[in-house]
Amino acid sequence: MRLYPRFVDEIDRGETDAARFGAKGASLIDLHRRGFDVPPAFLLEVAQCRALAQQPEAIDAASETLSEALRELEKRGARALGRPAERILFALRSSSVEPAPGLLPTYLPLGVDARYLESCSDSAQHSPSQRAIAFAIVDLLAGELLPSAGAPLLPRLELPPENVPGLHEVRAHFQTLERFAKEHLGIASGLPREVQLRLAMRALFKAWSAHPDQASGVVVQVVVACDVEQSVVGVALSRDPREGRQHIRGEYLRDALGLMLSSGRASACVLGKHETLPGREHEALESWAPALYRRVQEACDRVERDTGMPQTLEFAAEGERLFLLQYRPLAASAQALARFASEALEGESASLSVALSRFPALRARELLRFEVPREGAPDALTQGLPACPGAVVGLACFTEADVSACLAQGQSPILVIQHASAEDGLLLRRVAAVITAQGGTTSHAAIMARSLGVICIVSCEGMRVDARAARASIGAGRAAPSASTPSIERLSRLTVDAWTGKVYEGDVGLCVRSTSEAFDRLLAACPLAWPRLAAPASTFAQLKALLSLGAEGVVCEAEMWLQAQSFDAPSLPDASTLILSCTPEEAFEIGRKRSPALDAWRARGGSLHLRIDLAALDLSQASLVHTLHRCRDGARSFAPPSDASFSWGVSLPASPPELRELLQVMQGEGWLLWQPVEALLPGMRALNSSVAGSVVLVGERDAQSLSEGPSPLHWLELDALHLPSARLIRSTGSLFA
């Protein structure tokens, strides 16, 4: 297989395509064309990387092409940074088509080889950061790259007490690694940077196999500002990601690797003085490097203005020279997105279509959440930085097994980790909240949580997590925790309040926090753009409570209704919907048990929907059509088609081609199709455009795989896992009302 590395500054204007180069590669091309300083980099296209991932041996076959591209990268890096080629380091980054921060790995720094180590000195003026960088690559080779290529695990190089190893220790360990690679992998050339690149590519493609749905290209980029004095690496957000206010936010590190910032393994400082705690204003980038801060601010403003959306910018600086490493859409809370969207309704250029494009309809479920009452709250167990707002009561989980055990109990999992890694990305989709001991509001944990709408607190004060012991000690610092040290134990009950950043022991009680004014403006401008939300209930008390919180519908089993002796329908809120999940037989029985109280409630604006479950029945296609007609006839006997207070729908055991035929048979019957999105996704848009009256309902988790744009949903049923976070919102209609 022949590779075609493409340097960023040589790609034609018409080739800026995320589908071809991945989102990260496309952003580098775009930044270069806009005139920003971008570190030299070459790209491998998505199609080439897909083929390489399937044939890893082709990496070695393409070694000469990769070596030639790397030598050219060294030359360009030396010219751009004004340093010798042997001192140029580089990074291997995943460039997924859909931005997925933290999900796919990045390997850096690469390029610390014998030449680099020979150019360094142990003299007093030598930068501690250079020694730390040299240690980092040796540790990366020993801990990840060589084992990924098939070598046995090698003991890791221990850090000395001052956390900065001497270069003589690093050189000795590097020579050990070279002998180790020759003995176990047959690499006779030592570990020069071209070999490091091939090892890193093998490890990268191996890691991709855990995420087969993520198409990705590769970026090989010069690393700026990690082994020189007075350097800065940082992440800048063009908006406040929690509330959407027009102040840039962000964090930075001095004389360090950017990977330490994104992983959350280092304590970062903030960019602006408006972000600091009292007495720590001097730590802000704005305080000690105001010119650099202004340049970062101007870059954020310009990229947001040009792209029309809030953005996240990764940057590095040497002195006052600013390099932009990439931009991607801001991972913001629903509250922040609602504020940004509502701005499109203001001024002379007000546009409803622009407003709706800025706020995905499915994020509406996150806008109404719980909070801890301000009065009477107990002392917090620990406090950190709020990263994604909301409050929840749940059980502490340290591993994937804990999360599964928590879900089996019907409880909300709260993930407790030291800092986030790429492996945590899939786990975050299964939890209601995450709290970390390390990391800032721009770390991968915070970004992934905001993208998924998961309640999140980072950098919890005094917390140290021991995942193996399934315990987090509070306030022990570096000392070993004792029996008297406050702690969070496995599956212990916690209350997490990410409005204030506080974590409480036990259930301290929650109250409803109203929706944002910004979303209220969106809702008033276009009430039909949002799916109606329904929540599951197993008792009448739950049913009333959920409706009073703002759920437009409550889903309950028909058995609950059929066995009830009485039903206090007049106490239910007006204009809400009772959704009864039933078999065909139960549907007819419900029709026979007409209730005056329920009829009176329907007269006040309440409505009844029968969801008839056919998915569990073993029916042929002909029998299925016959059963559908029976359901239709039963529904008509319950109420005439003109009765707006009654509706019906079915869940079908069919594949997409069969569904299309069934929908055509039932076209115009005024029924709803309740179906998980994975059964419909390949043809969902076509189904909804070609079949009048058919509407899809999906579960909350399934909804995450829907593409953005106009929603085909009529009802969105909330997962019981997320009920404590109160993702409920009152609206006035649906897309197909």
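Here the structure is a predicted model, which is why all the values come from computation and not from measurement.

Trainee: Let's hear about the environment of Thr539: which residues, and what values?
Mentor: With respect to the helices and strands, Thr539 occurs in the loop between strand 24 (532–536) and helix 18 (540–549). You can call Thr539 partly exposed: its relative accessible area is 35%. Distance in space between the C-alpha atoms of Thr539 and Met560 is 7.4 Å, their sequence separation being 21 residues.

Trainee: Hey, could you go over the sheet that holds strand 9 (residues 311–318) for me, with residue numbers and the actual values?
Mentor: Taken in spatial order, the five strands line up as 8-7-6-9-10 in an open sheet, and their pairing is antiparallel. At either end of the open sheet lies a strand with only one pairing partner, and these are strand 8 (269–270) and strand 10 (321–329). One ladder, built from six bridges, connects strand 6 (residues 231–237) with strand 7 (residues 249–254); its direction is antiparallel. Paired with Gly234 across the strands is Tyr252, a residue of strand 7. Its contacts with the sheet put helix 11 (residues 290–307) on strand 6, strand 9 and strand 10, and the angle it makes with strand 9 is roughly 150°.

Trainee: Mind laying out the packing of helix 4 (residues 63–81) against helix 8 (residues 193–208), listing which residues take part and the relevant values?
Mentor: At a minimum axis separation of 10 Å, helix 4 and helix 8 run at an interaxial angle of 120°. Of the two possible hands of crossing, helix 4 and helix 8 adopt the one that is right-handed. In this structure, helix 4 uses Ser63, Leu66, Ser67, Leu70 and Glu74 to contact helix 8, whose residues at the interface are Arg193, Glu194, Leu197, Arg198 and Met201.

Trainee: Tell me about the pairing of strand 3 (residues 90–96), and please be specific about residues and values.
Mentor: By the criterion of burial, strand 3 is predominantly enclosed, with seven of the seven residues buried. Because side chains alternate across strand 3, one face comprises the buried residues Phe90, Leu92, Ser94 and Ser96, and the other comprises Ala91, Arg93 and Ser95, equally buried. Pairing of strand 3 with strand 4 (residues 106–110) involves three bridges; the strand directions are antiparallel. Within strand 4, the residue paired with Phe90 across the bridge is Leu110. Relative to strand 5 (residues 216–222), strand 3 runs antiparallel, the two sharing seven bridges. Pairing of Arg93 across the sheet is with Val219, part of strand 5.

Trainee: Run through the sheet that holds strand 22 (residues 502–505), naming residues and quoting values.
Mentor: Spatially, the eight strands line up as an open sheet ordered 12-22-21-14-15-16-17-13, and their pairing is mixed. Each of the sheet's edge strands pairs with one partner strand only, and the pair in question is strand 12 (382–383) and strand 13 (385–388). One ladder, built from three bridges, connects strand 16 (residues 433–436) with strand 17 (residues 455–458); its direction is parallel. When the sheet's bridge partners are listed, Ile435 is paired in strand 17 with Ile457. Sheet strands touched by helix 14 (residues 400–408): strand 14 (391–397) and strand 15 (413–417). Its angle to strand 14, the strand with the most contacts, is close to 125°.

Trainee: Let's hear about unusual backbone geometry: which residues, and what values?
Mentor: Glycine aside, a negative phi is what most residues show, and trans is what most peptide bonds show. A cis geometry characterises the amide bond from Leu108 onward to Pro109, with omega recorded as 0°. Relative to the helices and strands, Pro109 is located in strand 4. Here Ala470, not a glycine, exhibits a phi torsion of approximately 55°, which is positive. For Ala470, the position within the fold is in the loop between strand 18 (463–466) and strand 19 (471–474). On the basis of relative accessible area, Ala470 is assigned to the buried category, the value being 15%.

Calculation rules
- Positions within a chain are numbered from 1, following the residues in the order the chain's sequence is written.
- The model is predicted, so local features are restricted to residues of pLDDT at least 70 and side-chain atom pairs to those at 80 or more, both for listing and for counting; the totals for chains, interfaces and linings are taken over all residues.
- Side-chain descriptors were evaluated using all non-hydrogen atoms of the structure, hydrogens and water having been removed beforehand.
- Counting from the N terminus, the helices are the DSSP runs of H or I reaching at least four residues and the strands are the DSSP runs of E reaching at least two.
- Using a 1.4 Å probe on the protein chains alone, a residue whose accessible area is under 20% of its type maximum counts as buried, one over 50% counts as exposed, and one in between counts as partly exposed.
- Strands are labelled as partners when DSSP assigns at least two bridges between them.
- We call two residues in contact when some of their heavy atoms are within 4.5 Å.
- Only C-alpha atoms enter the line fits that serve as axes; for helices the fit covers just the stretch in contact. Angles between N-to-C directions range over 0 to 180 degrees.
- Rotating anticlockwise by less than a right angle from the far helix to the near helix defines a left-handed crossing, while the corresponding clockwise rotation defines a right-handed one.

Note that every value here comes from positions in space, so none of it alone points to a role or purpose.
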